[in-house]
Each structure stands twice: as structure tokens, then as C-alpha cells.
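Listed here are the chains, written in short residue letters.
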Amino acid sequence: SLQFRTPSQTLSDIGGASTGSVALKANTASPTLTGVPAAPTAAAATNTTQLATTAFVLANAPTVHVKAWVNFNGIGVGIPIRSSFNVSSITDNATGDFTVNFTTALANTNYITIGSCPSNQGSNNYQLQEKSANLIGSNNPLLKTTTQVRVQSAATNATVLSDQPHNYVQFLGT
């Protein structure tokens, strides 16, 4: 390895070193690494400016992920899906009452349902949420399994469900 013994030494003072071999060394300020560089993995929960290896990132990544999401039109026949991830279809149960069917089953039923349905119908605020016993139409069966979930849309503080043109739902789980 190339080592300078005193600050005044030059390359010509050190036998066997050449300017070319020094030029091949990585810049110490901002090195550009090639190949597959390896580094030690920091201890869990390390919060410093040191580099993080892939192993560290994977071990410390959050365990909650979006497992499915869907953007659909709740008005009309067939309930068209505009865009989705892990949602195979939407079943129209009744006005403002839908079942979201997952393409791949979720790990368990402990997932979180988050929904919204913005409306252009005057000053009403609309909500889209997982159907539960306290929602309008509670005589309809509840449905939350690893393969599907029932959601409903209505104006806030409404007494009836309503179909909305813009429905957005995401499902978070482990």
C-alpha cells in the first residue's frame, strides 16, 4: 500500500508507486464504489449518519404495508374499477353498499380499512368506511374476511346510503 512517511514526500520518493496507481484509488471525500461493496450491519435502532446496509434496512422496516387499494366508480352497473392493487372486483350489494374482493387473500382479518368518497353534490360531506353494526343498513350482514370486505358510502350524518362516483379504499396490514 502507498504510505507517505512525511508530509513533504512525493511519489518519486516512494519506490514502486506510480501516479497511475494513485489515480485508481477512490476519492476519500465522496468515493464511487463499484462491484458489490460490503459493510458491517449496524445494531438495531441505530440512529446515526452512518451508512445503512440492506440487512439493516430490512430488519428495521415497518411491518405495516398497504395490502390492497382500489379506486372505483360507485354509480351505475358493473362498478367499474379505475385502478387497483390486489383487488379483483367490486360487488354492488345495494345503494352505497359494496364488497371489495381481494385477488390474493390477506394474512388475517386484523387489517385496517381506510376510505373516502369526495362528492360534488353540494355542501354534503361523504364518507366511505368498512361496514359495521352502527352504520346505516345495519340489518345487512357484516363482512370482513381475508378475501373480501364490505364497505358503505353515505353523506356524513345521513340516514340513507348513497352511491358516489369517486370511491377510494386502501387496506393496511402486516
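Values in this document were obtained by computation on a predicted structure and should not be read as measured data.

What counts and how
Residues numbered from 1 in each chain as written. Predicted model: local features only at pLDDT ≥ 70, side-chain atom pairs only at ≥ 80, totals over all residues. Heavy atoms only, no water. Phe/Tyr/Trp six-rings, centres within 6.5 Å; stacked < 30°, edge-to-face > 60°. Buried < 20%, exposed > 50% of the residue type's maximum accessible area, 1.4 Å probe, protein only. Helix = DSSP H or I, 4+ residues; strand = E, 2+ residues; numbered from the N terminus. Pairing = 2+ DSSP bridges. Axes fitted to C-alpha atoms, helices over the stretch in contact; angles between N-to-C directions. pLDDT = per-residue confidence, 0-100.

> Tell me about the packing of aromatic side chains, and please be specific about residues and values.
In the structure shown here, the tally under the stated rule is four aromatic pairs. Between phenylalanine 102 and tyrosine 111 the ring centres are 5.8 Å apart and the planes differ by 90 degrees, which places this aromatic pair in the edge-to-face class. Assessed through its relative accessible area of 4%, tyrosine 111 is described here as buried. Between tyrosine 111 and phenylalanine 171, the aromatic rings sit 6.0 Å apart at their centres with planes inclined by 85 degrees, giving edge-to-face as the arrangement. In this pair, tyrosine 111 is assigned in the loop between β4 (97-102) and β5 (112-116) and phenylalanine 171 in strand β8 (residues 167-173), connecting sequence segments 60 residues apart.

> I'd like a rundown of the sheet that holds strand β3 (residues 87-94), residues and numbers included.
With respect to topology, four strands assemble into an open sheet ordered β3-β4-β7-β6, the strand pairing being antiparallel. Looking at the sheet topology across the chains shown, the edges are occupied by β3 and β6 (126-130). Strand-to-strand twist across the sheet, computed as the mean angle between neighbouring axes with direction ignored, equals 25 degrees. Pairing geometry for β4 and strand β7 (residues 148-155), over five bridges, is antiparallel. Residue pairing in the sheet places aspartate 97 in a bridge with glutamine 152 of β7.

> Account for the confidence of the model for the protein, with residues named and values stated.
Confidence in the prediction for the protein averages 80 pLDDT; 75% of positions are at 70 or higher. Across the protein, element-level confidence peaks in strand β2 (residues 81-85) with a mean pLDDT of 96 and bottoms out in helix α1 (residues 19-23) with 61.

> Describe the sheet that holds β8, naming the residues involved and giving the relevant values.
Adjacent strands of a sheet form backbone hydrogen bonds with each other and so pair up, either parallel or antiparallel. Read across the open sheet, the four strands follow the order β2-β1-β8-β5; overall the sheet is antiparallel. On the outer flanks of this sheet lie β2 and β5, each paired with one strand and no other. Sheet twist, expressed as the mean angle between neighbouring strand axes with direction ignored, is 10 degrees. The pairing of strand β1 (residues 65-72) with β8 spans seven bridges and is antiparallel. Residue valine 66 lies in a different strand from β8, and its bridge partner there is leucine 172.

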